[in-house]
Amino acid sequence: MTGTLYTADHRIFRLPPLLSWRVTHTGTVPCDSFFVSFVYQKEMAEVLRLAAGFSAEEDGTAVLRAVVDEYTVDLDENGLTATLSGRGYAARLLDNESRPVTYQQATLAEILRNHAEPYGIACEGAADIRADSVYTVAAGTSQWKAVENFCRTYGGFVPRFSREGKLLAGPEKAGRTLSIGEKDMVLSCTLREDHYGVLTEALVIDKTRNKVFSVKNEEMLQKGGQCRRVVYTPGQSTWAAMRYTGEYQIQRSKEDAWTAEVTLPGSFLAFPGDRAALSLERMGLAGTFRVAEAESRFDGRNGAVTALSLKPL
């Protein structure tokens, strides 16, 4: 992998060969992130001080565009080295709060125009959706949440970022499928199922109009679970908004209940949204799963490896 820096005064600097690196793709929140280390030379001092953006390429293909959060320069037994770390473009929206605003039947195009584009975010494939009621962005809400909540409520999807740093504001399209079987070199595999915190019921209450809407997680109820949350919504909530709020709370509580983590040799083998077809009979793992997170890393001792975090479709 190779890296390029972009400075605040619009200069471009190609990093020297990387000693080690780590790139984590989530596509959403928490952000994509990166870490790289390289041999430091004193001529880099001004470039590092003004470093604002970073891009990574693998075999001529862009694998990440990000903002630079931190750099260090170290002198130790390994000589003089520097490191850089930062986050994907979702950070631009997470780090900025929105002013409180109330929309009347807003469109996604309007939301993106007000909450994403002013922060240098280019959008791709935005869905044609419109709010069927009042949409409120409360004080203290990040620009990311302003966009994400709208997409979840009225489109039923989570916005994501591409590897090139573009906001994908439409339903996710399945990527390519990576097959992993008994004959493949699997460095490690961990299966985890955790029911702690998985909701069995979300009780949504509109205090202004004294309306109550209950959404239940039948699957968890059948397993004997008991975990209820009471959520209060702003006044004048529609039944659709209340149902969404309840379903959203249950879905979010289930997101980390089942995970398989597979580590393979090689870099950038898959990305979030891709599929992994597993056939690992020894672990009782078989089926096709969604790649939720992909971490590619390299160092001089272990070479390049990719760790995939898999979730049910």
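Below, the structure is looked at part by part. (Residues numbered from 1 in each chain as written. Predicted model: local features only at pLDDT ≥ 70, side-chain atom pairs only at ≥ 80, totals over all residues. Heavy atoms only, no water.)

As a further point, take the side chain of Thr306. Note on placement: Thr306 falls in strand β21 (residues 303-311). A polar side-chain atom of Thr306 sits 2.7 Å from the main-chain carbonyl oxygen of Gly266. Look past the residues within four positions of Thr306 in its chain and what remains in contact with it is Val262, Thr263, Leu264, Gly266, Ser267, Phe268, Leu269, Glu295 and Ser296. (Helix = DSSP H or I, 4+ residues; strand = E, 2+ residues; numbered from the N terminus. Polar contact = N/O pair within 3.5 Å; in protein donor to acceptor, adjacent residues only side chain to side chain. Contact = heavy atoms within 4.5 Å.)

Now for the sheet that holds strand β11 (residues 160-161). Taken together, three strands build an open sheet; the order of strands is β9-β12-β11 and the sheet is mixed. Two strands lie at the open edges of the sheet, namely β9 (123-124) and β11, each paired on one side alone. Here β9 pairs with strand β12 (residues 167-168) via two bridges, running parallel. Note that in β12 the partner of Glu124 across the bridge is Leu168. (Pairing = 2+ DSSP bridges.)

Spatially, the three strands line up as an open sheet ordered β16-β15-β17, and their pairing is mixed. Two strands bound the open sheet, and with one partner strand each, they are β16 (211-216) and β17 (228-233). Averaged over neighbouring strand pairs, the angle between their axes works out to 20 degrees when direction is ignored. Across six bridges, strand β15 (residues 201-206) lies against β17 in parallel orientation. Within β17, the residue paired with Ile205 across the bridge is Tyr232. (Axes fitted to C-alpha atoms, helices over the stretch in contact; angles between N-to-C directions.)

A few words on the pattern of salt bridges. Inspection of every chain in the model, using the stated rule, returns 17 salt bridges. Put simply, Glu46 and Arg49 hold a salt bridge, and the shortest N to O gap is 2.7 Å. Here Glu46 pairs with Arg49, and both are found in helix α1 (residues 45-49), just three residues apart, close to one helical turn. Among the residues examined, Glu46 registers a relative accessible area of 37% and is labelled partly exposed. By relative accessible area, which is 52% here, Arg49 ends up exposed. Taking the shortest distance from any N to any O, the salt bridge between Asp256 and Lys311 comes out at 3.3 Å. Note that Asp256 is positioned in the loop between α6 (239-254) and β18 (258-265) and Lys311 in strand β21, a separation of 55 residues in sequence. The class of Asp256 is exposed, set by a relative accessible area of 51%. (Salt bridge = Lys/Arg side-chain N within 4 Å of Asp/Glu carboxyl O. Buried < 20%, exposed > 50% of the residue type's maximum accessible area, 1.4 Å probe, protein only.)

Of all hydrophobic cores here, the largest spans 28 residues; its most connected members are Leu108, Phe150, Phe161 and Leu167. Within the residue set of this core, elements represented by two or more residues are α2 (90-94), α3 (108-115), β10 (134-137) and α4 (143-155). No other element matches α4, which puts six residues into this core. With sequence-adjacent residues up to four places away left out, Leu108 is seen in contact with Ala126, Ala127, Ile129, Phe150, Cys151, Phe157 and Ala169. Within the second largest apolar cluster, 24 residues are counted, among which are Leu5, Leu64, Ala66 and Ala82. (Core = buried A, V, L, I, M, F, W, Y, C linked by side-chain atoms within 4.5 Å.)

What follows covers the packing of aromatic side chains. Considering all chains together, one arrives at ten aromatic pairs under this definition. When the centroid spacing of 5.0 Å and the interplanar angle of 10 degrees are considered together, the rings of Trp258 and Phe289 count as stacked. Residue Trp258 is located in strand β18, and its partner Phe289 is located in strand β20 (residues 285-299); the two are separated by 31 residues in the primary sequence. The residues Trp258 and Phe289 share a single accessibility class, namely buried. The lysine or arginine in question, Arg163, covers the ring of Phe271, its NZ or CZ lying 3.8 Å from the ring centre. (Phe/Tyr/Trp six-rings, centres within 6.5 Å; stacked < 30°, edge-to-face > 60°. Lys NZ or Arg CZ within 6 Å of the ring centre and 35° of its normal.)

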